[in-house]
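Geometric and topological summary
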Amino acid sequence: MSKKRTIQDFIDSCSLVFKTYEYEVTVSKSRTNLWHFSAKRDDKKYVIYCAPQYAKTKGIIKVALKKIPRDARLVVVCLKTGATEKMEAEDLGYSLIEHRRLEKYGIEMIEAKERQALLMQVV
């Protein structure tokens, strides 16, 4: 499997979680954007940058912070983070989350929807 395909799979996996939470997901087709997709629902808007290797993307993140719309928040999804990276994200004003945690949220939402559907069948 090519490196490009692996990154695309990572992006697809991340966007699927936002779709599970019923966000309107728009994949960035423009190379001028420094994020992979945006997710919007009600008054919440996020631009998401998928960075399997966080350490290689610090410069891109700093530039992306300057280019995001005022009403949006940058979310960076990576494979592994540490306390230092989390503090840096907090200081610079973006959210940093590990991919496995994001996937866990998606699974929890799917399970909640399944339970809701079962309850609706009983009623």
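Below or above, wherever it landed, is the structure these notes cover.

Scoring rules and cut-offs
- Residues numbered from 1 in each chain as written.
- Predicted model: local features only at pLDDT ≥ 70, side-chain atom pairs only at ≥ 80, totals over all residues.
- Heavy atoms only, no water.
- Buried < 20%, exposed > 50% of the residue type's maximum accessible area, 1.4 Å probe, protein only.
- Helix = DSSP H or I, 4+ residues; strand = E, 2+ residues; numbered from the N terminus.
- Pairing = 2+ DSSP bridges.
- Salt bridge = Lys/Arg side-chain N within 4 Å of Asp/Glu carboxyl O.
- Core = buried A, V, L, I, M, F, W, Y, C linked by side-chain atoms within 4.5 Å.
- Axes fitted to C-alpha atoms, helices over the stretch in contact; angles between N-to-C directions.
- Contact = heavy atoms within 4.5 Å.
- Phe/Tyr/Trp six-rings, centres within 6.5 Å; stacked < 30°, edge-to-face > 60°.

**With respect to unusual backbone geometry**
Here E22, not a glycine, exhibits a phi torsion of approximately 65°, which is positive. The class for E22 is exposed, based on a relative accessible area of 57%. The phi torsion at D42 lies on the positive side, around 55°, for a residue other than glycine. Here D42 lies in the loop between β2 (37-41) and β3 (44-50).

**Observations regarding the pairing of strand β5 (residues 95-98)**
Looking along a regular strand, one sees side chains alternate from face to face of the sheet. Note that strand β4 (residues 73-78) and β5 share four bridges and pair parallel. For V75, the partnering residue across the bridge sits in β5 and is S95.

**Regarding the pattern of salt bridges**
Following the criterion strictly, the structure yields three salt bridges and no others. The residue K113 makes a salt bridge to E22 at a minimum N-O spacing of 3.4 Å. With K113 in helix α4 (residues 99-122) and E22 in the loop between α1 (3-20) and β1 (24-27), the pair connects residues that are 91 residues apart, well separated along the chain. The exposure class of K113 is partly exposed, given its relative accessible area of 34%. In this structure, the salt-bridge partner of E98 is R100, at a minimum N-O distance of 2.7 Å. Classification of E98 by relative accessible area gives buried; the value is 11%. Taking relative accessible area as the criterion, R100 reaches 57% and is therefore assigned exposed.

**Thoughts on the nonpolar core**
A general tendency of soluble globular proteins is for nonpolar side chains to be buried together. C14, F18, F37, I48, C50, V77 and L102 are the most contacted members of the largest nonpolar core, which has 16 residues in total. Of all the elements in the fold, those that place two or more residues in this core are α1, β2, β3 and β4. Looking at this core, the element that brings in the most residues is α1, giving five residues. A51, I61, A64 and A89 belong to the second largest nonpolar core, which has 15 residues in total.

**So, the sheet that holds β4**
Strand order in the open sheet formed by five strands is β1-β2-β3-β4-β5, and the pairing between neighbours is mixed. Each end of this open sheet is capped by a strand with a single partner; those strands are β1 and β5. Taken over all neighbouring pairs, the strand axes of this sheet differ in orientation by 25° on average, direction set aside. Running over the sheet, α4 touches β4 and β5 and is turned about 80° from β5.

**Let's talk about the packing of aromatic side chains**
Evaluation of the coordinates by the stated rule reveals four aromatic pairs. Feature note: the residues F18, Y23, F37 and Y46 constitute an aromatic cluster, connected by ring pairs.

**Here's the deal with the environment of S28**
For S28, the position within the fold is in the loop between β1 and β2. Spatially, the C-alpha atoms of S28 and R100 are 23 Å apart, while their sequence positions differ by 72 residues. Residues within four places of S28 in sequence aside, it is in contact with N33, W35, H36 and F37.

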